[in-house]
Amino acid sequence: MEIYSTLSVLLGASWLSGFNAYATIGFLGLFGRIGWLSLPQGLHVLEHPAVFGVALLLYLVEFIADKVPAFDSFWDSIQTFVRIPAGAILAFAAVGDVAPELKLLATLLGGGLALSAHATKSSIRALVNLSPEPFSNWMLSLGQDGAILLLIWVMFYFPIIMLGLLILFTIFFIWFLPKIFRTFSRMFRRFWSKPAEPTLP
């Protein structure tokens, strides 16, 4: 059973960081600090007040930025350089004292899960931003924030369920991957396309 718990925390933390690295790190550290969660030895650094304090402060910034249609897509593009490395680092730390090849494997898996979560979130939010009303964007963002808190709890207390969710997400991601490519292709074409020059009368 311990192997399932380790995999749940290792893979789950990396996956959630792909959606919101600041919330994942901040709440893991806070809940570990107050004794609600028992973090692996390698993640005890998250329990330092400076670490989870800064992470939660940045989460508040992201909480606001994520509620602004169109700007949230720009924010997501910047967070590419935060969420994916954070997922890899969390996996590297959570796996503990194991053989170097297992450390490397855990790091690759963590980074890959963070990448898949980040790409899925970014493409879905870009599609939702096509809607003229902001409410769907707000509801999706609030739902994600609540889901991260819930899944942190599931990750520690129901590891089998967490691993099952990860398998289901991986299947969904494989199916959704062509849509992700199409979404970002449209975004890049729109960004790089030049406005039509006015014609003379």
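Remember, it's a predicted structure, so these values are computed and weren't measured experimentally.

Criteria and cut-off values
- Residues numbered from 1 in each chain as written.
- Predicted model: local features only at pLDDT ≥ 70, side-chain atom pairs only at ≥ 80, totals over all residues.
- Heavy atoms only, no water.
- Helix = DSSP H or I, 4+ residues; strand = E, 2+ residues; numbered from the N terminus.
- Buried < 20%, exposed > 50% of the residue type's maximum accessible area, 1.4 Å probe, protein only.
- Contact = heavy atoms within 4.5 Å.
- Areas by Shrake-Rupley, 256 points an atom, 1.4 Å probe, with all protein chains shown as cover.
- Phe/Tyr/Trp six-rings, centres within 6.5 Å; stacked < 30°, edge-to-face > 60°.
- Lys NZ or Arg CZ within 6 Å of the ring centre and 35° of its normal.
- Core = buried A, V, L, I, M, F, W, Y, C linked by side-chain atoms within 4.5 Å.
- Patch = residues over 30% accessible without salt bridge, like charges linked within 9 Å, V, L, I, M, F, W, Y side chains within 5 Å.
- Salt bridge = Lys/Arg side-chain N within 4 Å of Asp/Glu carboxyl O.
- Expected span 1.5 Å × (residues − 1).
- Arc of directions from axis to C-beta.
- Axes fitted to C-alpha atoms, helices over the stretch in contact; angles between N-to-C directions.
- Nonpolar A, V, L, I, M, F, W, Y, C, P; charged D, E, K, R; others polar.
- Polar contact = N/O pair within 3.5 Å; in protein donor to acceptor, adjacent residues only side chain to side chain.
- pLDDT = per-residue confidence, 0-100.
- Bend = angle between axes of the 7 residues up to and from the residue.

With that settled, the discussion passes to the overall build of the chain. Summing up its helical and strand segments, the chain has 6 helices and 0 strands in all. Expressed as a percentage of its 201 residues, the buried residues of the chain come to 44%. Looking at the chain alone, contacts between residues at least 24 apart form 74% of all its contacts between residues at least 6 apart. Of the roughly 11,300 Å² of accessible surface on the chain, a fraction of 78% belongs to carbon and sulfur atoms.

What follows deals with the packing of aromatic side chains. According to the stated counting rule, one finds 14 aromatic pairs in the structure shown. An aromatic cluster of three or more residues is present, and its members are F27, F31, W36, Y59 and F63. Taking the ring centre of F63 as reference, the NZ or CZ of K67 above it sits at 3.6 Å. The residue whose ring lies beneath K179 is W175, and the NZ or CZ to ring-centre distance is 3.9 Å.

Below, the discussion takes up the nonpolar core. Counting 47 residues, the largest nonpolar core has W15, L28, L43, I152 and M155 as the members making the most contacts within it. Mapped by element, the contributors of at least two residues to this core are α1 (2-33), α2 (49-65), α3 (71-94), α4 (100-128), α5 (135-157) and α6 (159-192).

A cluster of nonpolar residues, L150, W153, Y157, F158, I161, L165, I167, L168 and I171, forms a patch on the protein surface that exposes about 900 Å² of accessible area. At the level of secondary structure, the elements contributing two or more residues to the nonpolar patch comprise α5 and α6. Counting residues per element, the nonpolar patch draws most heavily on α6, which supplies 5 residues. Looking at the secondary structure, you find W153 in helix α5. By relative accessible area, W153 is classed as partly exposed at 43%.

In a regular helix each residue adds 1.5 Å, so 17 residues correspond to 24 Å; α2 covers 24 Å between its end C-alpha atoms and thus fits that length. Residues of α2 that are buried: F52, A55, L56, Y59, E62 and A65. Taken down its axis, α2 places every buried residue within 165° of arc, on the same side. More than 90 degrees from the buried face of α2, the exposed residues found are L57, L60 and I64. Summarising the contacts, the buried residues of α2 are in contact with α1, α3, α4 and α5.

Once that is clear, we can look at the packing of α2 against α3. The geometry of α2 relative to α3 is characterised by a closest axis approach of 10 Å and an angle of 150° between their N-to-C directions. Counted together, V61, E62 and A65 of α2 and F71, D72, W75, Q79 and R83 of α3 form the full contact between these two elements. Looking at the contact of α2 with α3 residue by residue, the classes come out as 4 nonpolar, 1 polar and 3 charged.

Attention shifts here to the side chain of S8. If you trace the backbone, S8 turns up in helix α1. Reaching out from S8, the side chain makes a polar contact with the backbone oxygen of M155 at a distance of 2.6 Å. Not counting the four nearest positions on each side in its chain, S8 is found in contact with A13, M155, P159, M162 and L163.

A separate point is the environment of I25. Relative to the helices and strands, I25 resides in helix α1. Each residue touching I25, except ones within four places of it in the same chain, is listed here: L46, V51, F52, A55, A86 and L90.

Per-residue confidence for the chain gives a mean pLDDT of 88, with 88% of residues at or over 70. Across residues 196-201 the pLDDT falls below 50, and counting only partners more than four positions away or on other chains, this stretch makes 0 contacts in the model.

In this section: α1. Compared with the 46 Å implied by 1.5 Å per residue over 32 residues, the 22 Å span of α1 between its first and last C-alpha is markedly short. For α1, the principal kink sits at N20 and spans about 130°. Of all 32 residues that make up α1, 24 are buried, and the element is covered over most of its length. The positive-phi residue at the C-terminal boundary of α1 is G35, with phi of around 90°.

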